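So the chains spell out like this:
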Amino acid sequence: LTKLCLFPQDYKGQKLAEQIFQGIILVSAVIGFIYGYITEQFGWTVYIVMAGFALSCLLTLPPWPMYRRNPLKWLPVQESGTEEKKAADRKPKRHSKT
């Protein structure tokens, strides 16, 4: 059941995916700008940035195992009847009149 959750990445995995995504976008933008400036073709800049975006999506969107190395440790489920019993055992507070 743990492998079928909606968000299979843990928090450290999400941070790693974000860093990889931003790094690839930044590098592809710089390379695309330089190549487009040298060839004097803005279209090449756009193509290179789009290729970097596609590569970063391929590396960060699927739930790869490298993003699931630090799973959260959840607390065990408590029975709801124990909370009701404890609340019933408490004495009501009396307010003093001043």
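About the criteria used
- Residues numbered from 1 in each chain as written.
- Predicted model: local features only at pLDDT ≥ 70, side-chain atom pairs only at ≥ 80, totals over all residues.
- Heavy atoms only, no water.
- UniProt positions renumbered as here; feature names shortened; annotations may be inferred.
- Helix = DSSP H or I, 4+ residues; strand = E, 2+ residues; numbered from the N terminus.
- Buried < 20%, exposed > 50% of the residue type's maximum accessible area, 1.4 Å probe, protein only.
- Polar contact = N/O pair within 3.5 Å; in protein donor to acceptor, adjacent residues only side chain to side chain.
- Contact = heavy atoms within 4.5 Å.

The chain carries the name Signal peptidase complex subunit 1 in an unreviewed UniProt entry, which gives Spizella passerina as its organism. Here is the UniProt Subcellular location (unreviewed entry) comment for the chain, exactly as written: "Endoplasmic reticulum membrane". Per UniProt, the chain carries the Function (unreviewed entry) text "Component of the signal peptidase complex (SPC) which catalyzes the cleavage of N-terminal signal sequences from nascent proteins as they are translocated into the lumen of the endoplasmic reticulum. Dispensable for SPC enzymatic activity."

As a further point, take the UniProt feature "transmembrane region" (unreviewed entry) in the chain. Under the UniProt annotation, the feature "transmembrane region" (unreviewed entry) is placed at residues 20–38 and 44–64. End C-alpha atoms of residues 20–38 are separated by 27 Å, and the span's content is 100% helix alongside 0% strand. From the first C-alpha to the last, residues 44–64 spans 31 Å; its make-up is 81% helix and 0% strand.

Our focus in this paragraph is the side chain of Ser56. Position of Ser56 relative to the elements: it lies in helix H2 (residues 42–60). On the basis of relative accessibility, which here comes to 0%, the residue Ser56 falls in the buried class.

The subject of this paragraph is the environment of Phe42. Here Phe42 is to be found in helix H2. The sequence separation of Phe42 and Gly32 amounts to 10 residues, and the corresponding C-alpha distance is 8.7 Å.

Turning to unusual backbone geometry, a few remarks are in order. In terms of backbone geometry, most residues other than glycine have negative phi values and most peptide bonds are trans. The phi torsion at Glu40 lies on the positive side, around 55°, for a residue other than glycine. Looking at where Glu40 falls in the secondary structure, it is placed in the loop between helix H1 (11–39) and H2. When its relative accessible area of 69% is taken as the criterion, Glu40 is described as exposed.

As a further point, take the side chain of Thr60. On the secondary structure map, Thr60 appears in helix H2. Note on Thr60: relative accessible area 9%, which makes it buried. Engagement of the side chain of Thr60 in a polar contact is seen with the backbone oxygen of Ser56, the distance being 2.6 Å. Look past the residues within four positions of Thr60 in its chain and what remains in contact with it is Gln9, Ala17, Ile20, Phe21 and Tyr67.

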